[in-house]
Structures are given as C-alpha cells and as structure tokens.
Amino acid sequence: MAQNEYDATPRELRNFALLQIVLTAAFLAALFWMLGGTDADRPHWAVWVGLLAAVALGAFLADRVWLSAGPLDPAADPEENRSTAVGVYAAQTVRKLILCEAPLLIAVLVAFVTDSGGWPIAIAGLPGLAVMAFEVWPSLRNVSMTATMLDANGAESDLIDSFV
C-alpha cells in the first residue's frame, strides 16, 4: 500500500517544480558567469563524456522513480486515496529533483576544481535543466505513470483529474 509521504496540493506541486527549475537555472547562470563563462580552454573530451553520462544516468534513474509507488487500497475512502496519491506524487517529485540535480552539482564541483572556467556548467547545465524540467514538471506523462502504479489493484486514485 502506498504511503502519503507529503501533504500537498497539485497547485503547490506545480509552484514547487517551477520554483526549483528557476532557482537552479539562476544558480547555474550565476556560477557560469562568476567562473568566467567560456573564456577558459575547453575541457578534455573525457570531462564532456563524464558530465553528459552523469546527466544521462540522473535522467535514467529519475525516470524510474514512479516504479516505487505501491498500489492503493481499493476499499479505502476515495477522497483518502486521492489525497494519498497526490502525496505519493509529491514524494516522487522530490526524489526526481534530487536525482536530476546531482549531475548539476557534480558539474559545479568540476568547474571549481579544474581550470576550465564555466565550461562544465555549460556542458551539463543545459541538458541537465532540460531533463529536470521534463522529469519534475507534473505533466500528463509523469502523472499518468504514477497513477498507473497507484491504480494497479483496482483503486481509483483520480491523480490525473487532480492535476487537470
């Protein structure tokens, strides 16, 4: 049975996702310019591959978070199931955010410990932000995947209707 890990509303989840995307983009942009942008030499190809592989791994793991949802109890109160479903989706959103931000933090670390300026942030930041927006935003795709897992035993989570 799924556990209601967060008490949230769909509107709060949208605001949370938007805030995290904007704050992460602003943080990366500030660091990029602080480190001199692309004035430094481009990093070795292995840095490119490593950073892009980290972003790809983060995307892969974030895309599998919805599999962690257990089915809801079909005998439970429909309103309780709806609230639990939104809470489960909120918890998954936080996990996805962490998995999408980890490669970006690695890029920041690489930018500080190497002499490649803001290149690592540019290399991982742009695709990383795209992955974050795709995975964290409560789109029909993301909500549907979680709803499928929650409704597996015949329960009606109404998770999709909650976000419409």
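Structure shown above.
Cut-offs applied
- Residues numbered from 1 in each chain as written.
- Predicted model: local features only at pLDDT ≥ 70, side-chain atom pairs only at ≥ 80, totals over all residues.
- Heavy atoms only, no water.
- Helix = DSSP H or I, 4+ residues; strand = E, 2+ residues; numbered from the N terminus.
- Buried < 20%, exposed > 50% of the residue type's maximum accessible area, 1.4 Å probe, protein only.
- Phe/Tyr/Trp six-rings, centres within 6.5 Å; stacked < 30°, edge-to-face > 60°.
- Polar contact = N/O pair within 3.5 Å; in protein donor to acceptor, adjacent residues only side chain to side chain.
- Contact = heavy atoms within 4.5 Å.
- Salt bridge = Lys/Arg side-chain N within 4 Å of Asp/Glu carboxyl O.
- Axes fitted to C-alpha atoms, helices over the stretch in contact; angles between N-to-C directions.
- Parallel < 35°, antiparallel > 145°, perpendicular 65-115°, else oblique.
- Nonpolar A, V, L, I, M, F, W, Y, C, P; charged D, E, K, R; others polar.

Examining the overall build of the protein chain
Within the protein chain, the secondary structure is distributed over six helices and zero strands. Listing every helix and strand of the protein chain by position from the N terminus yields α-α-α-α-α-α. C-alpha extents for the protein chain along the principal axes are approximately 60 × 25 × 20 Å. Here the protein chain, with 164 residues, has 44% of them falling under the buried criterion.

Considerations on the packing of aromatic side chains
This model, assessed by the stated rule, comprises three aromatic pairs. For the ring pair Phe 32 and Trp 33, a centre distance of 4.8 Å and an interplane angle of 75 degrees mean the geometry is edge-to-face. The class of Phe 32 is buried, set by a relative accessible area of 15%.

Looking at the side chain of Asp 63
Secondary-structure assignment places Asp 63 in helix α2 (residues 45-63). What makes Asp 63 buried here is its relative accessible area of 15%. A distance of 3.0 Å separates the side chain of Asp 63 from the side chain of Arg 64, its partner in a polar contact. Within the local environment of Asp 63, its side chain forms a polar contact with the side chain of Arg 141, the two groups lying 2.3 Å apart. Apart from residues lying up to four places away in sequence, Asp 63 is in contact with Glu 135, Arg 141 and Met 145.

Comments concerning the pattern of salt bridges
With the rule as written, the count across this model stands at three salt bridges. Note that Arg 141 is salt-bridged to Asp 63, the shortest N-O span being 2.3 Å. Of this pair, Arg 141 sits in helix α5 (residues 140-150) while Asp 63 sits in helix α2; the two residues are 78 residues apart in sequence, bridging distant segments of the chain. Here Glu 135 and Lys 96 are joined by a salt bridge, their closest N and O atoms 3.6 Å apart.

Regarding the packing of helix α3 (residues 78-113) against helix α4 (residues 119-136)
Taken N-terminus to C-terminus, the directions of α3 and α4 make an angle of 175 degrees; their axes are 9 Å apart at the nearest point. As far as their axial angle goes, α4 and α3 are roughly antiparallel. Contact with α3, carried on its side by Tyr 89, Thr 93, Lys 96, Leu 97, Cys 100, Glu 101, Pro 103, Leu 104, Ala 107, Val 108, Val 110 and Ala 111, involves Pro 120, Ile 121, Ala 124, Gly 125, Gly 128, Val 131, Met 132, Glu 135 and Val 136 of α4 and no other residues of that element. Considering only residue class, the contact of α3 with α4 consists of 15 nonpolar, three polar and three charged.

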